[in-house]
Number of protein chains: 2
Amino acid sequence: MQNRVLLVEDDDELRELLARYLSGQGFTVREAANGKDGLALALGQHCDIVVLDIMLPDINGLEVLRELRSQTHLPVVLLTARGDETDRIVGFEVGADDYIPKPCNPRELVARLQAILRRVAWDQKTEVKAEQRYGDLRIETNHRRIYQNDEALDLTATEYEILQVLLAHAGSVVRKTDLMQWALGRRLEAFDRTLDMHISNLRKKLGSDDSPRIETVRGLGYSYRVSE
Amino acid sequence: MQNRVLLVEDDDELRELLARYLSGQGFTVREAANGKDGLALALGQHCDIVVLDIMLPDINGLEVLRELRSQTHLPVVLLTARGDETDRIVGFEVGADDYIPKPCNPRELVARLQAILRRVAWDQKTEVKAEQRYGDLRIETNHRRIYQNDEALDLTATEYEILQVLLAHAGSVVRKTDLMQWALGRRLEAFDRTLDMHISNLRKKLGSDDSPRIETVRGLGYSYRVSE
DNA sequence: ATGCCATGTAAAGGTTCTGCAAAGGACCAT
DNA sequence: ATGGTCCTTTGCAGAACCTTTACATGGCAT
């Protein structure tokens, strides 16, 4: 099966060069020349990985990445001028999977893309369904709603994100740093109690069983308790 | 707890520099100065990610990687002299997750490690339960729990780490300095009785058989007794 | 036996982490 | 503006935990 790459790059010449090379390497390529189109394509069309230039005419690439990360975990490789160390570090912190300096060797680009896709393929065994059940909870991902015994929970956007992440990893411990990154889209800084508050509120809304559904794993994070 | 990095690098100075930096960044660091030790430690599976130099005195790093890949999907980041493009491409093809040219910026190394770990942590939600048995003990890595006859032991984070290390080396002696480094993530200093206390508490929680499950090897360390 | 050193463990000490209420601030619609 | 909703910050209290201290025990060499 062919992997689908989305190429977001404003330099037409470079973009077409890469597109041609990637096609030759067995990728299906989609292209966008600016951040707005790129974002739309990434969110709409189905693709497996995104190659994203940081310098774009409209929205900054990092901004595109941040927006993308708030909604999906689609793998993203950043592309930018060599030597810009700040962008590089920030890029990783925002959630990039890799970073390649321009001008880049196409072979290396392909190698890196495939390394990431390989990792994703290994670990990601099942597709996420539009609807999933966890005990008496049911989550409808396209409506961004969660039902408890068929009654919709009145959650805020952030609470939904957090609970969604916890449910996706139900039974496993989700570290605070990861939860922060995945649900809130930013790094966990020292003394930041935001997460604790959201958890506290979530617990309230989930009702009081004998033992809390969201368990605290001290020094690590939280985990949604699986029934049975 | 912390992420565990295995550093395989023959240059003592560089290795210690990186080790110190990574420790400071919240990683638990294990070190190996050659390919053979590195492979053994990596397969002993007490780490989350490996940083592997390609130029090693004994086995070539790529060979180590190939051997590793034949048995596990443990994330590996290659480290090598800048400009060696062939190695780089080959490295990816053999299954590396990333490649960093030396001399490397420690901050970038950390950023890349975390990008990979983030992706792995996210994708592993679908992974089949990692579960291992040692007599009547069963350890579930993603829940971070240890069960004794199907009853969860109420362990603290540190106790879990210690028991996990002991179990992984069940039957052989783990030196106190190593146990300290691997489970507590710091060096064993003189007059530090912390480890002894944790062992004492662990023994209590493991219940009293006729002979202790965690055996003391005087002057050396501890070892988890294998049944039969 | 004697002394030294490693170990076992109870209890105390101190640190870090967490829960939560309340207040502050940002944003949006009216 | 005004009010409402939501996210974040602040502060405190309590809990959980790790480490230290102190003393008892036991092995080992001389």
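Computed from a prediction, not measured in an experiment: that's the story for all the values here. (Residues numbered from 1 in each chain as written. Chains lettered and ligands numbered in written order. Predicted model: local features only at pLDDT ≥ 70, side-chain atom pairs only at ≥ 80, totals over all residues. Heavy atoms only, no water.)

Caption draft 1: Geometry of the domain arrangement of chain A. Residues and elements named next belong to chain A. The assigned domain composition of chain A is domain 1 (4-123) and domain 2 (128-224). Centre-to-centre separation of domain 1 and domain 2, based on C-alpha positions: 30 Å. Carbon and sulfur atoms make up 36% of the area that domain 1 and domain 2 hide from each other, which totals about 400 Å². Sorting the residues of domain 1 by area buried against domain 2 places Ser70, His73 and Glu93 first, and these three jointly supply 73% of that buried surface. The interface formed by domain 1 and domain 2 includes zero salt bridges. Where domain 1 meets domain 2, there are zero residue pairs in polar contact (both at pLDDT 80 or more). (Domains from an automatic or database assignment. Buried area = accessible area lost by both parts, 1.4 Å probe. Salt bridge = Lys/Arg side-chain N within 4 Å of Asp/Glu carboxyl O. Polar contact = N/O pair within 3.5 Å; in protein donor to acceptor, adjacent residues only side chain to side chain.)

Caption draft 2: How the structure looks around the protein's contact with DNA strand D. Around DNA strand D lies a shell of 21 residues, among which Thr158 and Arg186 of chain A together with Thr158, Arg186 and Thr194 of chain B are the nearest. The sugar-phosphate portion of DNA strand D accounts for 73% of its atoms within 4 Å of the protein, the bases making up the rest. Take Thr156 of chain A: an N or O atom from its side chain is 2.6 Å from a phosphate oxygen of DNA strand D. Here Arg186 of chain A contributes a side-chain N or O atom positioned 2.5 Å from a phosphate oxygen of DNA strand D. Looking at the surface near DNA strand D, the elements that each hand over two or more residues are helix H6 (157-168) and helix H8 (194-205) of chain A together with helix H8 (194-205) of chain B. Residues that form the surface near DNA strand D fall into these classes: five nonpolar, eight polar and eight charged. (Near = heavy atom within 4 Å. Helix = DSSP H or I, 4+ residues; strand = E, 2+ residues; numbered from the N terminus. Nonpolar A, V, L, I, M, F, W, Y, C, P; charged D, E, K, R; others polar.)

Caption draft 3: Structural context of the pairing of strand E11 (residues 214-217) of chain B. Residue and element names in this part refer to chain B. Looking at chain direction, E11 and strand E12 (residues 221-224) are connected through four bridges and run antiparallel. Residue pairing in the sheet places Val217 in a bridge with Gly221 of E12. In this antiparallel pair of consecutive strands, E11 and E12, the connection spans three residues, and Gly219 shows a positive phi of 80°. (Pairing = 2+ DSSP bridges.)

Caption draft 4: Looking closely at the protein's contact with DNA strand C. In the vicinity of DNA strand C, 22 residues are found, and the nearest of them are Arg193, Arg203 and Thr216 of chain A together with Arg203 and Thr216 of chain B. The sugar-phosphate share of atoms of DNA strand C within 4 Å of the protein amounts to 45%. Residue Arg193 of chain A places a side-chain N or O atom 2.7 Å away from a base nitrogen belonging to DNA strand C. Of all elements in the fold, only H8 of chain A together with H8 of chain B reach the threshold of two or more residues within the surface near DNA strand C. Residue composition of the surface near DNA strand C, grouped by class: four nonpolar, six polar and 12 charged.

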